[in-house]
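Here is how the chains run, residue by residue.
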Amino acid sequence: MRKKIVIGNWKMNKMRSDAIETVKELYAAVGDPSEVEYGVCPPFLYLSELVRENTVGIGAQDVFWKDSGAFTGFTSPAMLKDLGVKYAIIGHSERRGRFGKLEVPESTIGSFAETDETVNLKLKACLAHGLIPIVCVGETLAEREAGKTDSVIGGQISGALAGLSDAELDTLVIAYEPVWAIGTGKVCDAAEANRVCAMIRSCLPASLRGSIRIQYGGSVNPANARELFSQSDIDGGLVGGASLKASDFAEVVRAAI
Ligand code: 13P
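Please read all numbers here as calculations on a predicted model, not as lab measurements. (Residues numbered from 1 in each chain as written. Predicted model: local features only at pLDDT ≥ 70, side-chain atom pairs only at ≥ 80, totals over all residues. Heavy atoms only, no water.)

Novice: Is there a simple way to think about the site of the ligand in this case?
Specialist: If you check the shell around the ligand, you find 13 residues, and the closest are Lys11, His92, Gly183, Ser219 and Gly241. A distance of 2.9 Å is found between an oxygen atom of the ligand and a backbone nitrogen or oxygen belonging to glycine 240. Between the ligand and glycine 241, the relevant distance is 2.8 Å, taken from an oxygen atom to a main-chain nitrogen or oxygen of the residue. The fraction of the free accessible surface of the ligand (310 Å²) that becomes covered by protein chains is 95%. At a threshold of 2 Å from the grid points, most atoms of the ligand map onto the largest pocket. In terms of residue class, the shell around the ligand is built from 4 nonpolar, 7 polar and 2 charged. (Near = heavy atom within 4 Å. Polar contact = N/O pair within 3.5 Å; in protein donor to acceptor, adjacent residues only side chain to side chain. Areas by Shrake-Rupley, 256 points an atom, 1.4 Å probe, with all protein chains shown as cover. 1 Å grid on protein atoms, 1.4 Å probe; cavity = no way out; pocket = protein on both sides within 12 Å on 5 of 7 lines; lining within 4 Å. Sits in = over half its atoms within 2 Å of the grid points. Nonpolar A, V, L, I, M, F, W, Y, C, P; charged D, E, K, R; others polar.)

Structural data, given as structure tokens:
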């Protein structure tokens, strides 16, 4: 039996006091239910203070793969682990330069340079340091319309998992986030999201198929969460906009119970 996992990805939102207040409110509303694991991934600046709250699980929105060295602006998995951070999101489509809603000049897309290879390096580093990795995969609208959804995602999964043994992968969480559903209000139909999550499951090593948790992400909200989370192959959600307000996110988390 897989325990559901619901994680809020705050992206580049909130000032410090609001971040602390939101976590306090969220924990007051949800507490420590045994049926669901939950947490939030705030901007890096607030990780330290939110970990010290010692309430909900705290994750990073990205991570580098080296332990230390001359890598200006990066944060290592060793540093995150040392701080008490529990999760790290890897390969989010916004870091791969694949946006559901384009809000940057197209000429700057090269600045968002995550690839299957960097995802693989980051995944290995997280697993080596005991961080729970949340690896994001998903197709763009153009890929879906061209009938390439399954092959694109299959490629992302095999690229991410390359060279890792079954035993190393046991804490892995995968988030299926169709790019066209992110921040657009266009949620993927629950049956189709479940079909893709089952397809992802079939790409996993046989010994882990029953235990690895696969989240759905993309315009999850309090109104649609229960239907999504009740699908057989969807084990919770990675939630953007609806995780910013504690009362909304509390409802989404409770929808997994
Ligand atoms: P939204 O829930 O805002 O669509 O964002 C989803 C997402 O990208 C979570 O990582």
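Novice: I keep staring at the packing of helix α1 (residues 16–30) against helix α9 (residues 246–254) and nothing clicks. Help me out?
Specialist: When two helices pack together, their arrangement is given by the angle between the helix axes and the distance between those axes. Where α1 meets α9, the closest approach of the two axes is 9 Å, and the angle between their N-to-C directions is 40°. Comparing their axes, α9 and α1 come out oblique. Our pair here, α1 against α9, has a crossing hand that is right-handed. For the pair α1 and α9, the contacting residues are Thr22, Glu25, Leu26, Ala29 and Val30 in the first and Ala246, Phe249, Ala250, Val253 and Arg254 in the second. The residue inventory of the contact of α1 with α9, partitioned by class, reads 7 nonpolar, 1 polar and 2 charged. (Axes fitted to C-alpha atoms, helices over the stretch in contact; angles between N-to-C directions. Helix = DSSP H or I, 4+ residues; strand = E, 2+ residues; numbered from the N terminus. Parallel < 35°, antiparallel > 145°, perpendicular 65-115°, else oblique. Left-handed = near helix turned anticlockwise from the far one by under 90°. Contact = heavy atoms within 4.5 Å.)

Novice: What am I meant to see in the layout of surface pockets here?
Specialist: Any empty space left between atoms is shown by rolling a water-sized probe over those atoms. When its volume is computed, the largest pocket comes out at roughly 960 Å³. Taken together, 33 residues make up the lining of the largest pocket; nearest its centre are Lys11, Met12, Asn13, His92 and Glu94. Partitioned by chemical class, the residues of the lining of the largest pocket number 14 nonpolar, 13 polar and 6 charged. By volume, the second largest pocket is sized at about 170 Å³. Residues that form the lining of the second largest pocket fall into these classes: 5 nonpolar, 2 polar and 4 charged. (Points joined across faces, edges and corners; volume = space filled by probe spheres on them.)

Novice: Help me understand the side chain of glutamate 114, please; the structure alone is not making it clear to me.
Specialist: Counting through the fold element by element, glutamate 114 comes out in the loop between β4 (87–90) and α4 (116–129). The class of glutamate 114 is buried, set by a relative accessible area of 9%. There is a polar contact of 3.0 Å between the side chain of glutamate 114 and the side chain of lysine 122. Ignoring any residue separated from it by four or fewer positions in sequence, one finds glutamate 114 in contact with Asp62, Gly91, Arg95, Arg96, Val119 and Lys122. (Buried < 20%, exposed > 50% of the residue type's maximum accessible area, 1.4 Å probe, protein only.)

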